[in-house]
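The chain contents come next:
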Amino acid sequence: MPTKHFTIFGDPVEHSLSPTMHGYAIEGLGLQADYTKTHLTEACQMRAQFMAHFDGANVTVPHKEAAYAQADEVRGIAQEIKAVNTLIKEGENMIGYNTDAEGFWLSMQRDFPDVKSALILGAGGTAKAIAHILTQKGIDLTILNRSAQRLEQLKAFECYTWENFTPKAYDIIINTTSAGLEDATPPAPLEILNPLLDQTRYAHDVIYNRQTPFLKLAKTHDLPAKDGADMLLFQGVLAFNLFYQNRFDPAEIERYMRKAFD
Ligand SMILES: NC(=O)c1ccc[n+]([C@@H]2O[C@H](COP(=O)([O-])OP(=O)(O)OC[C@H]3O[C@@H](n4cnc5c(N)ncnc54)[C@H](OP(=O)(O)O)[C@@H]3O)[C@@H](O)[C@H]2O)c1
């Protein structure tokens, strides 16, 4: 079998765990393939680089919207999200998918399968992907963001800013803000978060491998909580299977990729 070449496009990309995750799956399944990091500063070069050098790719910030725009065809929920994190080659065409959304869904289903209502904190790209999948799955959804501007892209959903929001009961609170990524800032004022966490059943952060201020606060409310590691893992499992036309058992890919988090 000829060697296949995969990459992740991002700026920055050095921190990405995807090459390690995919590397373990390639090795575990005994495949002829490599997976590299491509630091891409000029988004407009993505399609040309992809078509010249790669069979499949992942796309991370800030290029997911550019990948959507440059794809010859976009499939599945990526059409609604208008952002692409997985590229495959079919003949002369670059095909785009979004596995972030389904990755989050699988993560939530794994530990909190009985969720019926959700509050998303944040209104960036990750919030948009999660909002679309939760709505598609019939979850009653509300979005809360610090400021109004980014909520413009989420007008189809029930949206609030800190100023016009009144805390009530939701099954799960999902933090998609970058608050707490490199500091101790909670994703909303404590006057909002504490009454919310008093009435919720679960907490889910999308930041991974870190006890964020949000997860620490959830712990003080004795809530079952999880970080974003499984979301990252499952989007990788789904992307890997797209690279290989769904040939492999997802549970087997998961088992190999999980080693990247040890
Ligand atoms: N686990 C995974 O697989 C996975 C995948 C993708 C992303 N992520 C993580 O998801 C997070 C968000 O990524 P993104 O691309 O969606 O970001 P983004 O598009 O830049 O959006 C950031 C959001 O965070 C809010 N925010 C930033 N600082 C804040 C603060 N101090 N207090 C309250 N809100 C604040 C922003 O609010 P304003 O609109 O008011 O500025 C905005 O809604 C990152 O931490 C990223 O690492 C994880």
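Scroll up to find the structure this text is about.
So, here is what we can say about the structure in this document. (Residues numbered from 1 in each chain as written. Predicted model: local features only at pLDDT ≥ 70, side-chain atom pairs only at ≥ 80, totals over all residues. Heavy atoms only, no water.)

Turning to helix α2 (residues 46-53), its buried residues number three or more, namely Met46, Phe50 and Met51. The arc that holds every buried residue of α2, seen down its axis, measures 120 degrees, which confines them to one face. Among the exposed residues of α2, those oriented more than 90 degrees off its buried face are Ala48, Ala52 and His53. (Buried < 20%, exposed > 50% of the residue type's maximum accessible area, 1.4 Å probe, protein only. Helix = DSSP H or I, 4+ residues; strand = E, 2+ residues; numbered from the N terminus. Arc of directions from axis to C-beta.)

Okay, the packing of helix α1 (residues 18-28) against helix α9 (residues 229-243) next. Two numbers describe how α1 lies on α9: the axes approach to 10 Å, and their chain directions differ by 55 degrees. By the criterion of interaxial angle, the relationship of α1 to α9 is oblique. Crossing hand, α1 versus α9: right-handed. In contact with Ser18, Met21, His22, Ala25 and Ile26 of α1, α9 contributes Leu232, Leu233, Gln235, Gly236, Ala239, Phe240 and Phe243. Classifying every residue of the contact of α1 with α9 gives eight nonpolar, four polar and no charged. (Axes fitted to C-alpha atoms, helices over the stretch in contact; angles between N-to-C directions. Parallel < 35°, antiparallel > 145°, perpendicular 65-115°, else oblique. Left-handed = near helix turned anticlockwise from the far one by under 90°. Contact = heavy atoms within 4.5 Å. Nonpolar A, V, L, I, M, F, W, Y, C, P; charged D, E, K, R; others polar.)

Side chains of strand β11 (residues 202-205) alternate between two faces, with Tyr202 and His204 and Ala203 and Asp205 buried alike. Between the parallel pair strand β10 (residues 172-175) and β11, the chain is carried across by helix α7 (residues 190-199), and the sense of this crossover is right-handed. Here β11 runs beside strand β12 (residues 225-226); their pairing, made up of two bridges, is parallel. From the neighbouring strand, His204 faces β12, where its bridge partner is Lys226. Handedness of the crossover joining β11 and β12 through helix α8 (residues 213-220) is recorded here as right-handed. (Right-handed = clockwise from strand over helix to strand, strands pointing away. Pairing = 2+ DSSP bridges.)

Take the packing of aromatic side chains next. If you walk through the whole model with that rule in mind, you get eight aromatic pairs. Ring plane angle 15 degrees and centroid distance 4.3 Å describe the contact between Phe112 and Tyr202, whose orientation is recorded as stacked. Remark: Tyr202 occurs in strand β11 and Phe112 occurs in the loop between α5 (100-111) and β7 (117-121); sequence separation between them is 90 residues. Centroid distance Phe240 to Phe248: 6.2 Å. Interplanar angle 45 degrees. Geometry classified as tilted. For the residue pair Phe240 and Phe248, the accessibility class agrees, reading buried in each case. Ring pairs connect the aromatic residues Phe6, Phe240, Phe243, Tyr244 and Phe248, which therefore count as one cluster. Taking the ring centre of Phe50 as reference, the NZ or CZ of Lys89 above it sits at 5.9 Å. Its guanidinium or amino end placed over the ring of Tyr256, Arg255 lies 5.5 Å from that ring's centre, counting from NZ or CZ. (Phe/Tyr/Trp six-rings, centres within 6.5 Å; stacked < 30°, edge-to-face > 60°. Lys NZ or Arg CZ within 6 Å of the ring centre and 35° of its normal.)

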